[in-house]
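Report on the structure
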Amino acid sequence: MSDKPLVLGTHTLQSRLIVGTGKYSTFDMMQQCLEISGSEVITVAVRRERLIDAEGRNILDFIDLSKYTILPNTAGCFNAEDAIRVARLGREILDGLENSGADWVKLEVLGDTKTLLPDPVATLQATEALVKEGFQVLCYTTDDPITAKRLKDAGATSVMPAGSPIGSGQGVLNPNNIRICLEYLKGDDPDYPMIIDAGVGSASDVAFAMELGCDGVLLNTAIASATEPAMMAEAMKHACLAGRQSYRAGRIAKKLYATASSPETGVIRPSLR
Amino acid sequence: MQITVNDEAREVTAGSTIADLLEELGLRPKFVAVERNLELIPRARHAECELAENDKLEVVTLVGGG
């Protein structure tokens with residue numbers, strides 16, 4: 001059934017699943033999983049040129065730049081200044097490649113290496129600065145509703161709370177906070193996009209996030225580190241659609257007691273015991 | 001003269017530009033972005049931007065990430 005597209009600033013997407021390109025055992029496997037996932041947007045990181053891999057290959061040789069919109073992240077940055085530098089560097093590369101992803105960034109400003117949880121103060125500072133520089137900022141954050149609101153007010157194109165820590169596969173640990181985030185961000189602005197970024201481990205996690213009313217899910221490890229990545233990519237694609245449709249269809253209310261599905265009249269006479 | 005590229009010391013001929021350096025490193029200019037002393041140097045300026053003694057360069061590309 002037709003759905004409205006996911007609109008992230010100037011980007012209009014049919015797929016609500018955004019996938020990362022990290023941790024794949026081979027570029028071929030990555031390519032196959034990207035294709036199967038049906039995603040139109042893929043994330044990448046900005047790193048020092050190691051004077052490339054042994055064979056001189058670059059991930060860009062394996063990505064169809066006319067097909068995918070690249071979303072560069074600022075992963076690995078622990079302060080606003082570094083995140084801003086990395087955002088500019090990513091934009092410079094994508095500009096040169098004439099990819100439509102040159103105008104946005106997935107902002108990550110991390111607090112520490114153990115949790116990889118965001119530093120909310122630095123994330124807010126970096127958001128303000130990058131918005132001023134004309135970036136469309138997609139903000140990785142915690143599921144704290146107040147922070148989410150502050151990031152939106154600072155001009156974030158999308159607020160992207162983590163379901164649980166990056167790569168942890170724990171799913172959406174605090175659905176109540178996610179619900180409040182949705183209410184705060186969408187209350188007077190129902191089309192404002194909120195994406196669950198990080199923490200999902202399985203298809204049911206993705207479907208659950210979408211059923212809560214999130215506009216999309218961004219994931220990487222759940223596919224790349226699955227035993228069968230290609231099969232998981234397909235599962236995630238279906239889960240995202242299933243969760244979205246389930247949300248749009250309007251689920252039944254939960255009740256304590258049973259309600260019969262079959263008619264309660266016309267039942268045969270009970271036998272005597 | 002000596003410069004630093006991604007924290008590694010390197011000798012380059014005086015008068016070398018960023019474009020010269022990328023060529024020497026065997027890098028495809030389109031796939032990289034260059035910062036010189038913390039300032040991003042846009043690709044259009046690589047050919048005119050001459051390196052100076054003790055310049056610190058960051059040369060980055062895109063890699064797999066989430």
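Below is a short write-up of the structure.

A:Val217 and A:Leu219 are the most contacted members of the largest nonpolar core, which has 70 residues in total. Here the element with the most residues in this core is helix α2 (residues 80-96) of chain A; it accounts for eight residues.

Quick look at the interface of chain B and chain A now. Contacts between chain B and chain A engage 25 residues on the former and 30 residues on the latter. When the two sides are added together, the surface that chain B and chain A hide from each other amounts to roughly 2600 Å², 59% of it contributed by carbon and sulfur. For chain B, the biggest contributors to the area lost against chain A are B:Phe31, B:Leu62 and B:Gly66; these three give 26% of the whole. At the boundary of chain B and chain A, one finds five salt bridges. Its salt-bridge partner being B:Glu58, residue A:Arg48 comes within 2.7 Å of it at the nearest N-O pair.

Residues and elements named next belong to chain B. The backbone of asparagine 6 shows a phi angle near 50 degrees, a positive value even though the residue is not glycine. Mapping asparagine 6 onto the fold places it in the loop between β1 (2-5) and β2 (8-11). Not every positive phi belongs to a glycine, and leucine 38 is a case in point at roughly 70 degrees. Mapped onto the secondary structure, leucine 38 falls in the loop between β3 (33-36) and β4 (39-41). Given a relative accessible area of 60%, leucine 38 falls into the exposed group.

This brings us to the sheet that holds strand β6 (residues 104-107) of chain A. Residues and elements named next belong to chain A. The three strands are arranged β6-β7-β8 in an open sheet whose pairing can be described as parallel. Pairing within the sheet leaves two strands with one partner each, and these edge strands are β6 and β8 (158-161). Neighbour-to-neighbour, the strand axes of the sheet open up by a mean angle of 15 degrees, direction not taken into account. Relative to strand β7 (residues 136-141), β6 is paired through four bridges, and the arrangement is parallel.

All right, on to the pattern of salt bridges then. Residue and element names in this part refer to chain A. Counting across every chain of the model gives 20 salt bridges over all chains. We note a salt bridge from lysine 4 to aspartate 191, for which the minimum N-O separation is 3.2 Å. Note that lysine 4 is positioned in the segment before β1 (6-8) and aspartate 191 in the loop between α5 (175-186) and β9 (195-197), a separation of 187 residues in sequence. Among the residues examined, aspartate 191 registers a relative accessible area of 57% and is labelled exposed. Each of Asp3, Arg16, Arg244 and Arg248 takes part in a single network of salt bridges with overlapping partners.

So, on to the pairing of strand β5 (residues 56-64) of chain B. Pairing of strand β4 (residues 41-48) of chain A with β5(B) involves five bridges; the strand directions are antiparallel. Looking across to β5(B), one finds that A:Val46 is bridged to B:Leu62. Pairing analysis gives four bridges linking β3(B) to β5(B), with the strands arranged antiparallel. The partner of B:Ala33 across the bridge, within β5(B), is B:Val60.

Residue and element names in this part refer to chain A. The complete set of buried residues in helix α6 (residues 203-211) reads Asp205, Val206, Ala207, Ala209 and Met210. The inward-facing, buried residues of α6 abut β9, β10 (216-219) and α8 (229-249). Looking one or two residues beyond α6, the residue adopting positive phi is glycine 213, at roughly 110 degrees.

Our focus in this paragraph is the packing of helix α1 (residues 27-37) of chain A against α8(A). Residue and element names in this part refer to chain A. Contact geometry of α1 with α8 gives a least axis separation of 8 Å together with a crossing angle of 20 degrees. Here α8 runs roughly parallel to α1, going by the angle between their axes. The two elements α1 and α8 cross, and the hand of that crossing is right-handed. From α1, Met29, Gln32, Cys33, Ile36 and Ser37 reach across to α8, where they touch Pro229, Ala230, Ala233, Glu234 and Lys237.

Parameters and conventions
Residues numbered from 1 in each chain as written. Chains lettered and ligands numbered in written order. Predicted model: local features only at pLDDT ≥ 70, side-chain atom pairs only at ≥ 80, totals over all residues. Heavy atoms only, no water. Core = buried A, V, L, I, M, F, W, Y, C linked by side-chain atoms within 4.5 Å. Buried < 20%, exposed > 50% of the residue type's maximum accessible area, 1.4 Å probe, protein only. Helix = DSSP H or I, 4+ residues; strand = E, 2+ residues; numbered from the N terminus. Contact = heavy atoms within 4.5 Å. Buried area = accessible area lost by both parts, 1.4 Å probe. Salt bridge = Lys/Arg side-chain N within 4 Å of Asp/Glu carboxyl O. Pairing = 2+ DSSP bridges. Axes fitted to C-alpha atoms, helices over the stretch in contact; angles between N-to-C directions. Parallel < 35°, antiparallel > 145°, perpendicular 65-115°, else oblique. Left-handed = near helix turned anticlockwise from the far one by under 90°.

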